[in-house]
Amino acid sequence: MNQLAGMSSPNPSTIPDLVPVEKIRYDELGLVPAIIQDYLDGTVLMMAWMNRESLQKTLETGETWFWSRSRQEFWHKGATSGHFQKVQSIRYDCDSDALLIGVEQIGDIACHTGERSCFHQVESQIVAPPGDTLSQLFQIICDRRDHPVPSSYTCKLFAGGDNKILKKIGEESAEVVMACKDDDGEAIASEVADLFYHTLVALAHHQVDIKAVYRKLQERRK
C-alpha cells in the first residue's frame, strides 16, 4: 500500500505537489474506486468513484469529492447533508487502481440513510459496522451500561461505580507488572487484555468515547 499524502492538517496549497495523481490507474471510463475509512477506528464508511479531477479536488480542498456515474457530475461529500469528510490520508494499492482514504467523518454519519456506514446491512438486518477490536468491545460495554443485564459482570462493575471499577484497574495493572516481571508472553497478553477491558469500562462509566482516546494518541503520534 503506497501513501499518496498524509493530511492530518491538510494544507491545500501544498498537497497537490506531493501526490502523483497521474500514477493512478483509472479504468476505461477514467474512474478509480475509493474506499472511505474512519481514520481513528478503521470502520469502512463507504465506497464511491473518483476520476482524476475529483481526486485533484480532494487533494486541493482536504475534503472528499467524487464522480457520480448516474448523474455524470462531481459531488462534494457533505455539501447537502453537512456530513463532510476531512481527509487525513490517501493510499493506493499495489496495482495503483484502488484508493483507500482515511477521513474524519463529520457528524459520524456517512450513509444517506442516516447510518454511520453504508455497510450496515447483514442479511437485511441493520447492525453497527465493525471497527477495530477495542472499538467493538467498547460498543458492547456501552450497550451493557445503557441496557443492563443482571447476570452481566460488566453491569456489576457499573453498579459498583468508581470504587469497584478503579479497584479492578489497580489490580489488573499490578497483574500486568507481575506478568512482565515473569517474562511470560501468554500471561502478559492475557493481563493486558483484562486491563484494556476494565479501562474501557471506566471510559464508558464516565461517558468518555474511545475515539477521544484515539484522537489523543493521534495528536501525540504527530
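Procedures and definitions
Residues numbered from 1 in each chain as written. Predicted model: local features only at pLDDT ≥ 70, side-chain atom pairs only at ≥ 80, totals over all residues. Heavy atoms only, no water. Helix = DSSP H or I, 4+ residues; strand = E, 2+ residues; numbered from the N terminus. Buried < 20%, exposed > 50% of the residue type's maximum accessible area, 1.4 Å probe, protein only. Contact = heavy atoms within 4.5 Å. Areas by Shrake-Rupley, 256 points an atom, 1.4 Å probe, with all protein chains shown as cover. Axes fitted to C-alpha atoms, helices over the stretch in contact; angles between N-to-C directions. Parallel < 35°, antiparallel > 145°, perpendicular 65-115°, else oblique. Left-handed = near helix turned anticlockwise from the far one by under 90°. Nonpolar A, V, L, I, M, F, W, Y, C, P; charged D, E, K, R; others polar. Phe/Tyr/Trp six-rings, centres within 6.5 Å; stacked < 30°, edge-to-face > 60°. Lys NZ or Arg CZ within 6 Å of the ring centre and 35° of its normal.

### A closer look at the overall build of the protein chain
- Secondary structure summary: the protein chain contains six helices and nine strands in total.
- For the protein chain, with 222 residues in total, the buried portion stands at 37%.
- The contacts in the protein chain between residues at least 6 apart in sequence include a share of 53% that link residues at least 24 apart.
- With an accessible surface of roughly 12,600 Å², the protein chain has 52% of that area assigned to carbon and sulfur atoms.

### A short note on the packing of helix α4 (residues 153–181) against helix α5 (residues 185–205)
- At their nearest, the axes of α4 and α5 sit 8 Å apart, and the two run at 150° to each other. Judged by the angle between their axes, α4 and α5 are roughly antiparallel. In the crossing of α4 with α5, the sense of the turn from one axis to the other is left-handed.
- A per-class count over the contact of α4 with α5 returns 16 nonpolar, six polar and six charged.

### Points about the packing of aromatic side chains
- Across all of its chains, the model carries three aromatic pairs by this definition.
- Here the aromatic rings of Phe66 and Trp75 are separated by 4.9 Å at their centres, their planes lie at 45°, and the arrangement is tilted.
- Centre to centre, the rings of Trp67 and Phe74 are 5.1 Å apart; their planes meet at 75°, and the pair counts as edge-to-face.
- On the basis of relative accessible area, Phe74 is assigned to the partly exposed category, the value being 31%.
- Sitting over the face of the ring of Trp65, Lys57 holds its NZ or CZ atom 4.6 Å from the ring centroid.

From the geometry alone we can't say anything about function, so treat these as descriptive.
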